[in-house]
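Residue strings, one per chain:
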Amino acid sequence: MSIKEGDPILLYLTERKRWLVKVIKDSTMHTHKGFIELNNALDKEYGTGIKSSLGTTFWLLKPTMEDYVMKSARKTQIVYPKDMGIIAAKSGINSGSIVIESGTGSGVLTGFIANLVKPSGHVYSYEIREEFIEIAKKNLKRCDVLDFVTIKHCDVKEGMDISNADLGIVDVGDPWSVIKTFRDSLKGSGMIVIICPTMNQVEKSVIELNEQGFISIETIEVITRNIESRIGITRPTNRMVGHTAYLVFGKKIIYSDKD
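Residues numbered from 1 in each chain as written. Predicted model: local features only at pLDDT ≥ 70, side-chain atom pairs only at ≥ 80, totals over all residues. Heavy atoms only, no water.

**Observations regarding the overall build of the protein chain**
(1) Moving on: On a plain count of helices and strands, the protein chain comes out with six helices and 15 strands.
(2) Moving on: About 13,700 Å² of surface is accessible on the protein chain, with carbon and sulfur atoms providing 50% of the total.
(3) Moving on: Here the protein chain contributes 34 positively and 32 negatively charged side chains, and the mean placements of these two sets differ by 7 Å. (Helix = DSSP H or I, 4+ residues; strand = E, 2+ residues; numbered from the N terminus. Areas by Shrake-Rupley, 256 points an atom, 1.4 Å probe, with all protein chains shown as cover. Lys, Arg positive; Asp, Glu negative; His and termini not counted. Charge placed at Lys NZ, Arg CZ, Asp CG, Glu CD.)

In structure tokens, the structure reads:
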């Protein structure tokens, strides 16, 4: 696929030096290794390179959702790809799934989920702070999933107007207080995932999940460690992404008079 005007590219120099930009005719990207005329990227294939004014080669890569996540504008702590992956795997959401979310924040997790459920699914995200909504919309537009997200400026504690959702995502300071609201909007066997920075939040959330009719309750923490692979001296890197959040999962059950 050749690069056209308006296409996103990841200008890759090293693992720590890469820029996510849109190819705009006659625009220039300035770096510490010289400036880059983005015209030179037009009609090239992803995976090829272009030279800066100082003769340094930058590689033209096609951005992934991880790139959009890590390069997103933010005013809040984001959910990292390591946590997103396990949420996607355990929930099993796919194209056509309906997802409800409380706490849009910067829209990073929202965009990741929207990319999974499109084109026939949808994410309904509830956010009480208007300034976060504007940031989230910009991030969602940047990764081209805004059409698959509806952001509602309201307090989810007042109820949600969505029913039979496949997945509910809770990312608020007092998650236990909205679990009943999410239960009312989930379909039978629908999953809830609660993102908790602290153990105290986990404890209160698990108690409420049990009281509200959720089973298969599980709390996990995902920690990743990169490896520097070089002949004879392969070893773990000195830096790693440690604790970001505890993830609490549960599935809704429906009681009958016989239970």
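Continuing now.
**As for the nonpolar core**
(1) Moving on: Core analysis: the biggest nonpolar cluster contains 37 residues, and Val 99, Leu 109, Ile 113 and Ile 169 have the highest contact counts within it.
(2) Moving on: Sorting the residues of this core by element identifies helix 1 (65–70), helix 2 (81–91), helix 3 (108–117), helix 4 (130–142), strand 9 (149–153), strand 10 (165–170), strand 11 (186–196) and strand 15 (246–252) as the ones contributing at least two each.
(3) Moving on: Looking at which element gives the most residues to this core, the answer is helix 3, with six residues.
(4) Moving on: Setting aside residues up to four positions removed in sequence, Val 99 forms contacts with Ile 93, Ile 113, Val 117, His 122, Val 123, Tyr 124, Leu 167 and Ile 169.
(5) Moving on: In this structure, Ile 100, Val 156, Met 160 and Val 170 belong to the second largest nonpolar core, which totals 20 residues. (Core = buried A, V, L, I, M, F, W, Y, C linked by side-chain atoms within 4.5 Å. Buried < 20%, exposed > 50% of the residue type's maximum accessible area, 1.4 Å probe, protein only. Contact = heavy atoms within 4.5 Å.)

**Some thoughts on unusual backbone geometry**
(1) Moving on: For the bond from Lys 118 to Pro 119, the omega torsion is 0°, close enough to zero to count as cis.
(2) Moving on: On the secondary structure map, Pro 119 appears in the loop between helix 3 and strand 8 (122–127).
(3) Moving on: Its identity is not glycine, yet Asp 26 carries a phi of approximately 65°, on the positive side.
(4) Moving on: The residue Asp 26 is located in the loop between strand 2 (17–22) and strand 3 (28–31) in this model.
(5) Moving on: The phi dihedral of Asp 43 falls on the positive side, at around 70°, and the residue is not glycine.
(6) Moving on: Here Asp 43 shows up in the loop between strand 4 (34–37) and strand 5 (49–51).
(7) Moving on: Overall, the relative accessible area of 54% leaves Asp 43 in the exposed class.

**Observations concerning the pairing of strand 3**
(1) Moving on: Here strand 3 shows a buried face lined by Met 29 and Thr 31 and an unburied face lined by Thr 28 and His 30.
(2) Moving on: Counting the residues that bridge the hairpin from strand 3 to strand 4 gives two residues. (Pairing = 2+ DSSP bridges.)

**Thoughts on empty space enclosed by the protein**
(1) Moving on: In the structure shown here, the tally under the stated rule is one cavity of 30 Å³ or more.
(2) Moving on: Here the largest cavity is characterised by a volume of approximately 70 Å³.
(3) Moving on: Lining the largest cavity we find Met 65, Tyr 68, Val 69, Ser 72, Gly 107, Val 108, Gly 111, Phe 112, Asn 139, Leu 140, Arg 142 and Cys 143.
(4) Moving on: Classifying every residue of the lining of the largest cavity by side-chain character gives seven nonpolar, four polar and one charged. (1 Å grid on protein atoms, 1.4 Å probe; cavity = no way out; pocket = protein on both sides within 12 Å on 5 of 7 lines; lining within 4 Å. Points joined across faces, edges and corners; volume = space filled by probe spheres on them. Nonpolar A, V, L, I, M, F, W, Y, C, P; charged D, E, K, R; others polar.)

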